[in-house]
Amino acid sequence: MNSINKSAARLMGIDPKADIEVLQTTLAFEHEGIAAYRLARASGLLVPDTLSVALIFLGHHEQHRDALAQLIRLAGAKPVEPRADAEYVHALNLQKLKNQADVIKLATQLERQAASGYAGQIAGLHDRQLARLFAEISADETLHWTVLNGASGGDIPETAFVFA
């Protein structure tokens, strides 16, 4: 089963109507993550091996975006649109990134926030299958954080509940 079919199968049976606000908010954050990786790719600051990983993570975020947007449409709403690149550059302070280490540090912070955000939303969701989807996405974000944290020489957290 390819990733598109897996994604569609994962969404079957989900009733997103009660959780539409949460879906729109998380979709906006996925747009931000996509923009961050896309702009990092275009920056010329990443060496080929790092760029390769960034493109894999970009693909994950695009799949998250597509799943969330599909659920929003199923609920009868219009998915929130991404902002202009200039807004992301300003909001994420991308003009201050001078080298690969700066890019990895920012990506690590954004992935930690994403993992925490998805995990934090789960308890408030009404649909159990949507909660499972959020747990799966949170696991992806945690994977991203772990890889980036290791690449930047970050420490292994000594306490539990890293993404609380």
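Residues numbered from 1 in each chain as written. Predicted model: local features only at pLDDT ≥ 70, side-chain atom pairs only at ≥ 80, totals over all residues. Heavy atoms only, no water.

(A) Representation of the environment of Gln109. Within the secondary structure, Gln109 sits in helix α5 (residues 100-122). Placed 12 residues apart in sequence, Gln109 and Leu97 show a C-alpha to C-alpha distance of 14 Å. (Helix = DSSP H or I, 4+ residues; strand = E, 2+ residues; numbered from the N terminus.)

(B) Representation of α5 within the structure. For α5, spanning 23 residues, the distance from its first C-alpha to its last is 33 Å, which sits close to the expected 33 Å at 1.5 Å a residue. Those residues of α5 that fall on the buried side of the exposure criterion are Val103, Ile104, Leu106, Ala107, Thr108, Leu110, Glu111, Ala114, Ala115 and Tyr118. Buried residues along α5 sit against α2 (20-43), α3 (48-74) and α6 (128-151). Between the side-chain oxygen of the N-cap and the backbone nitrogen of Ala101 there are 3.1 Å, and the N-cap of α5 in question is Asn99. (Expected span 1.5 Å × (residues − 1). Buried < 20%, exposed > 50% of the residue type's maximum accessible area, 1.4 Å probe, protein only. Contact = heavy atoms within 4.5 Å. Polar contact = N/O pair within 3.5 Å; in protein donor to acceptor, adjacent residues only side chain to side chain.)

(C) Here's a closer look at the pattern of salt bridges. For the structure on display, the rule yields five salt bridges. In this structure, the salt-bridge partner of Arg83 is Glu87, at a minimum N-O distance of 3.9 Å. Between Glu136 and Arg132 there is a salt bridge, and its shortest N-O distance comes to 2.9 Å. In this pair, Glu136 and Arg132 both sit in helix α6, four residues apart, roughly one turn of the helix. Since its relative accessible area comes to 23%, Glu136 is described here as partly exposed. (Salt bridge = Lys/Arg side-chain N within 4 Å of Asp/Glu carboxyl O.)

(D) Region of interest: the side chain of Glu32. In this structure, Glu32 sits in helix α2. Of the buried charged residues, Glu32 lacks a salt bridge, with Arg83 as the closest side chain of opposite charge at 4.7 Å. Ignoring anything within four residues of it in the chain, the contact list for Glu32 reads Tyr88, Leu92 and Leu110. (Lys, Arg positive; Asp, Glu negative; His and termini not counted.)

(E) Just the packing of α2 against α5, in detail. α5 packs onto α2 with a crossing angle of 165° between their chain directions and a minimal axis gap of 11 Å. As judged from the angle between their axes, α2 and α5 are roughly antiparallel. Here the hand of the crossing between α2 and α5 comes out left-handed. Listed contacts from α5 to Val22, Thr26, Glu30, Glu32, Ala36, Tyr37 and Ala40 of α2 are Val103, Ala107, Leu110, Glu111, Tyr118 and Gln121. Residues belonging to the contact of α2 with α5 are distributed by class as follows: eight nonpolar, two polar and three charged. (Axes fitted to C-alpha atoms, helices over the stretch in contact; angles between N-to-C directions. Parallel < 35°, antiparallel > 145°, perpendicular 65-115°, else oblique. Left-handed = near helix turned anticlockwise from the far one by under 90°. Nonpolar A, V, L, I, M, F, W, Y, C, P; charged D, E, K, R; others polar.)

(F) Quick look at the packing of α3 against α6. Their axes nearest at 11 Å, the elements α3 and α6 cross at an angle of 165°. Here α3 lies roughly antiparallel to α6, going by the angle between them. Remark: the crossing between α3 and α6 carries left-handed chirality. For the pair formed by α3 and α6, the contact residues are Val53, Phe57, His60, His61, His64, Leu68 and Leu71 on the first element and Leu130, Leu133, Phe134, Ile137, Asp140, Glu141, His144, Val147 and Leu148 on the second. Partitioning the contact of α3 with α6 into residue classes produces 10 nonpolar, four polar and two charged.

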